[in-house]
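Below, each chain spelled out in residue letters.
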Amino acid sequence: MKPHLISVVAAAFVIWAVATGAPAQQQINSGQMATSLAGVSNTKLSLTGAEMRQAVLDNIRNYPGALPPHALAFPQLENLAQFVVEVDFDFNSAVIRPSSYRTIGAIADALHNPILLGYGFLVIGHTDSVGGRQYNVGLSQRRADAIRDALIDPFNVNPAVLEAVGMGEEQLRDPKHPTSGVNRRVQLVNVGKKFCFGRSGEQFVCP
Amino acid sequence: MNREISLVCALWLVLAAVLPVNAQTMSYADAISQLAAACRNDIARYCKGVPLGPRLKTCFDTNEARMSPQCQQTRAAVYTSISRRAAAQRNIADACGADIPRLCGTSYADAHLVECLLSVSPAAMSPQCNQTFTDTGWRTERARQ
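Criteria and cut-off values
- Residues numbered from 1 in each chain as written.
- Chains lettered and ligands numbered in written order.
- Predicted model: local features only at pLDDT ≥ 70, side-chain atom pairs only at ≥ 80, totals over all residues.
- Heavy atoms only, no water.
- Disulfide = S-S within 2.5 Å.
- Helix = DSSP H or I, 4+ residues; strand = E, 2+ residues; numbered from the N terminus.
- Buried < 20%, exposed > 50% of the residue type's maximum accessible area, 1.4 Å probe, protein only.
- Pairing = 2+ DSSP bridges.
- Axes fitted to C-alpha atoms, helices over the stretch in contact; angles between N-to-C directions.
- Contact = heavy atoms within 4.5 Å.

A.B. asks: Would you mind going over the state of the cysteines with me for this structure?
C.D. replies: Two cysteines whose sulfur atoms are joined by a covalent bond form what is called a disulfide. Residue and element names in this part refer to chain B. All told, the structure shown has 4 disulfides over all chains when counted by the stated rule. Cys96 shares a disulfide with Cys129; S-S distance 2.1 Å. On the S-S bond that ties Cys96 to Cys129, the torsion sits near 95 degrees, and the link is right-handed. With a gap of 33 residues between them, Cys96 in the loop between α5 (69-95) and α6 (99-103) and Cys129 in helix α8 (residues 127-136) connect regions that are remote in the sequence. Side by side, Cys96 and Cys129 carry an identical accessibility label, which is buried. Two residues share a disulfide in this structure: Cys104 and Cys116, whose sulfurs sit 1.9 Å from each other. Residues Cys104 and Cys116 are joined by a disulfide whose S-S torsion is about -85 degrees; by sign, that bridge is left-handed. Of this pair, Cys104 sits in the loop between α6 and α7 (111-119) while Cys116 sits in helix α7, placing them 12 residues apart in sequence. Cys104 gets classed as buried once you look at its relative accessible area, which sits at 18%. When the cysteines of chain B that form disulfides are numbered from the N-terminus onward, they connect as 1-4, 2-3, 5-8, 6-7.

Shown next as structure tokens:
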């Protein structure tokens, strides 16, 4: 489908930006983000953020030590409209660096785009393999929370449409180079329509 | 109902008096990167480790007197623009209350309404509706897609 192709193109943009060492500002713009997130299928996602967090912890408990040969997967998410960006944080911290403020602002611009009105989104944080797996789950959760917090204030995104999930290093983007920077990323996923709107603009949970 | 409309009109007049006419709001991306550029040194010095969000705004307020004039000026413009864009997106159904039935034949404040307003020429809108719709940034965001 077209939206899927667009998200691949969007991902290609990001990879290009990394490969050429272009600054974070050269990542996809808010319009491309909005287009990547639009066109979600009508099937409602039957996977909650809490279930994802539990699956991450179970994965570490069931396969302790080194990462298992087959990475943790959420097939339900694979066909949903989404994009990936890099966000710079202070070392071992959930504080977003000013160099990435623009990226957060652009995500906010995209989420306020009328084509995404009423949709819900996952903000999924990923780390590289430096540090313990359990620690990385906590760090990526705090980082995803920090992005969610900034989208809400100062950028006025409705808190009810945003769920943050920390994936740690359980889904490396480049498993052959587990410490590579390309693994540190944030994934925005459209999980479907959450709110509908009434005659005077009041929102309610879609029937 | 009439009182509501006159309240909205009064509010709009106050805003119009305070802000330059036809000024545009910045995208959130442009606004916050202007802040990051103009206040880079001040953030590093006075607000290091403070997360982007309400605490950063508080840190700016607390340290205002010490911050560079360039940062102070940019910060004021940035936060004004952000709240003006947010207010416009929130209030579009009110600001265009008289235009919507005439131009769009609907009063649903949803994506279809915005699509309709995007398709209407600015000249066909009342000045108040056009200014607020411009402030939402939805025309410029559509052009980026």
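There's plenty left to go through after this.
A.B. asks: I keep staring at the sheet that holds strand β3 (residues 162-166) of chain A and nothing clicks. Help me out?
C.D. replies: Within a sheet, neighbouring strands are paired by backbone hydrogen bonds and run either parallel or antiparallel to one another. Residues and elements named next belong to chain A. Reading across the sheet, the 4 strands line up as β1-β4-β2-β3 and stay open at both edges, with mixed pairing between neighbours. The sheet is open, and its two edges are formed by β1 (82-85) and β3, each paired on a single side. Across the sheet, the mean angle separating the axes of adjacent strands is 20 degrees when strand polarity is ignored. As paired elements, strand β2 (residues 119-126) and β3 share 5 bridges and run parallel to each other. Looking at the pairing, Gly125 lines up with Gly166 of β3. Packed on one face of the sheet, helix α5 (residues 101-111) meets β1, β2, β3 and β4 (185-193) and runs near 165 degrees to β1.

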